Amino acid sequence: MLRSLHIISLFGIYTYTIDFADSQGKGLKFITSPNGYGKTTLLNLIHAFYSQNWSLFLQTPFKSITYTLDECVIRITRLQNNEEEENSDEEPGYDKYMEVTILSADGQSPIESIRYDLEKETKEQERHKQASNSLLQMYSNIQPCYFIHDNRLHKTNTPLLITEANSKEQTSITADAEDLTVKLAETRNGISQMTTDLEFTVSISREEYQSATKELAEFNALLMKYGLMEKNLITDYREDNALYLGALIKAQKKYGSFVQKLALFERIIIRSELAYKQMEIHPRYGYRFIAENKERTILRSDTLSSGEQHLIIMTYELLFKAPEESLILLDEPELSFHFLWQSNFLNNLQDIRELRPRLQWIICTHSPQIFGRKWDLSVGKSSVSCPL
């Protein structure tokens with residue numbers, strides 16, 4: 001878990017110290033401030049650390065930044081070229097020198113130090129840096145990081161920084177629908193295999209069968225609703241029904257979490273009350289939207305309003321694409337949201353957190369409505385920024 005961040009002289013102006021644990025020690029923190037205080041830059045620097053994107057550190061003006069993790073403390077220091085003239089109109093040569101220091105968990109004992117010098121680097125320094133990079137990568141990869149950018153309507157969100165030479169631009173809402181199509185098809189095929197390869201089980205009484213099917217009724221209904229199972233496996237009691245009951249129990253153990261995410265995804269979209277349209281989920285198309293008219297017109301997902309797309313993309317990616325136990329970076333979730341949707345955001349987020357309790361969250365916003373004005377969950381500019 002990322003415990004805290006301390007940055008000195010961001011843009012040559014601000015020094016911030018931010019504790020990312022909330023009052024209960026859980027990882028949810030909102031950062032709010034006016035424009036220009038570096039909220040998005042902080043998210044970019046956190047993601048750059050986890051994705052080993054050192055070029056961003058060399059491009060961003062600051063003196064030092066310290067990441068306190070559960071396992072260690074890592075400090076990145078920008079070093080100015082001493083040969084630069086003090087009165088020069090040129091920007092100081094911070095882009096040439098950088099030092100990364102790994103310290104013990106208490107921040108007292110140095111473990112390793114890596115110096116980046118873009119102009120002068122001997123073969124010996126290169127070998128040392130490669131060995132040190134392996135150690136640094138081990139620490140930064142302890143927790144996955146998933147960044148949902150403010151430009152999330154386009155397909156740019158990835159767990160790590162990935163460059164594709166000939167990538168075609170695609171809207172995120174259609175890409176996520178395709179992603180869900182694959183996930184649904186894999187789940188349906190897995191459940192179909194379970195119901196085909198039935199294993200003999202001991203017979204159970206009518207009372208035992210009715211008790212077991214009562215517990216599985218909701219799961220069975222959701223499988224049917226989302227097209228994950230063609231045949232209803234809960235029927236009237238017969239001695240041989242135990243075979244199908246066993247298959248349903250196995251399916252719940254393997255796919256229960258995925259089906260719960262589907263149900264929550266649908267529930268959040270329904271209670272958001274999209275304007276005269278409904279969402280459908282099926283392995284043929286992932287998700288799609290139907291107009292509430294006589295013709296039941298099928299709408300292209302990328303023609304939905306900006307606010308609707310933001311809602312769907314954020315909800316889908318938080319539920320289905322962010323890796324388990326990851327650090328979630330979310331920039332300006334309020335974009336294109338009406339006041340009511342801003343007010344509902346925290347409720348939606350809490351439902352997701354209940355289903356995925358091992359995620360850590362850092363969310364930057366301009367709107368206190370996003371966190372329900374629960375100031376104990378937030379860090380404002382007055383408490384994190386100190387002009388130098």
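Residues numbered from 1 in each chain as written. Predicted model: local features only at pLDDT ≥ 70, side-chain atom pairs only at ≥ 80, totals over all residues. Heavy atoms only, no water.

1. Topic: the environment of R238
Here is step 1: Here R238 is to be found in the loop between α5 (206–225) and α6 (241–271).
Here is step 2: Residues R238 and R206, spaced 32 residues apart in sequence, show a C-alpha to C-alpha distance of 8.0 Å. (Helix = DSSP H or I, 4+ residues; strand = E, 2+ residues; numbered from the N terminus.)

2. Here's the deal with the packing of helix α4 (residues 172–196) against helix α7 (residues 306–321)
Here is step 1: Relative orientation of the contacting elements α4 and α7 amounts to 35°, with a least axis distance of 10 Å. Two packed elements cross with a definite hand, and for α4 against α7 that hand is left-handed. Counted together, S172, I173, D176, D179, L180 and K183 of α4 and Q309, I312, I313, Y316, E317, F320 and K321 of α7 form the full contact between these two elements.
Here is step 2: Partitioning the contact of α4 with α7 into residue classes produces six nonpolar, two polar and five charged. (Axes fitted to C-alpha atoms, helices over the stretch in contact; angles between N-to-C directions. Left-handed = near helix turned anticlockwise from the far one by under 90°. Contact = heavy atoms within 4.5 Å. Nonpolar A, V, L, I, M, F, W, Y, C, P; charged D, E, K, R; others polar.)

3. A few points about the pattern of salt bridges
Here is step 1: All chains considered together, the criterion is met by 12 salt bridges.
Here is step 2: For K321, the salt bridge goes to D176, with nearest N and O atoms at 3.2 Å. One end of the pair, K321, is in helix α7; the other, D176, is in helix α4, and 145 residues separate them in sequence.
Here is step 3: The shortest N-O distance in the salt bridge between E308 and K277 comes to 3.0 Å. In this pair, E308 sits in helix α7 while K277 sits in strand β9 (residues 277–282), placing the two residues 31 residues apart along the sequence.
Here is step 4: On the basis of relative accessible area, E308 is assigned to the buried category, the value being 6%. (Salt bridge = Lys/Arg side-chain N within 4 Å of Asp/Glu carboxyl O. Buried < 20%, exposed > 50% of the residue type's maximum accessible area, 1.4 Å probe, protein only.)

4. Some thoughts on the environment of K29
Here is step 1: By the secondary structure assignment, K29 is in strand β3 (residues 28–32).
Here is step 2: For K29, a relative accessible area of 7% gives the class buried.
Here is step 3: Sequence separation of K29 and D376 is 347 residues, and the distance between their C-alpha atoms is 8.8 Å.

5. Thoughts on α4
Here is step 1: An ideal rise of 1.5 Å per residue puts 36 Å on 25 residues; α4 measures up with 36 Å between its terminal C-alpha atoms.
Here is step 2: Restricting attention to buried positions, one finds in α4 the residues S172, I173, A175, D176, A177, L180, L184, T187, G190, I191 and M194. (Expected span 1.5 Å × (residues − 1).)

6. Quick look at the packing of aromatic side chains
Here is step 1: Scanning all chains against the criterion turns up 16 aromatic pairs.
Here is step 2: Centre to centre, the rings of Y14 and Y16 are 5.7 Å apart; their planes meet at 15°, and the pair counts as stacked.
Here is step 3: Its relative accessible area of 11% is what places Y14 among the buried residues.
Here is step 4: Y16 gets classed as buried once you look at its relative accessible area, which sits at 2%.
Here is step 5: Of the aromatic side chains, those joined through ring pairs into one cluster are F258, F265, Y287, F289, Y316 and F320. (Phe/Tyr/Trp six-rings, centres within 6.5 Å; stacked < 30°, edge-to-face > 60°.)

7. Some thoughts on the packing of α7 against helix α8 (residues 339–355)
Here is step 1: Between α7 and α8, whose axes approach to 11 Å, the crossing angle comes to 15°. Here α7 is positioned roughly parallel relative to α8, judged by the angle of their axes. Relative to α8, the crossing made by α7 is right-handed. Between α7, through G307, E308, L311, L318 and L319, and α8, the contact on the second element is made entirely by W341, I352 and L355. (Parallel < 35°, antiparallel > 145°, perpendicular 65-115°, else oblique.)

8. Observations concerning the pairing of strand β10 (residues 286–291)
Here is step 1: Burial of β10 is extensive: six of the six residues sit out of reach of the surface.
Here is step 2: Two strands pair when backbone bridges link them, and β9 and β10 are joined in this way by six bridges, in the antiparallel orientation. Bridge pairing in β10 links M279 to F289.
Here is step 3: The loop that links β9 with its antiparallel partner β10 comprises three residues.
Here is step 4: Sheet analysis places β10 next to strand β11 (residues 298–299), joined by two bridges and oriented antiparallel. Each bridged residue has a counterpart across the sheet, and for I290 the counterpart in β11 is I298.
Here is step 5: In this antiparallel pair of consecutive strands, β10 and β11, the connection spans six residues, and R296 shows a positive phi of 55°. (Pairing = 2+ DSSP bridges.)

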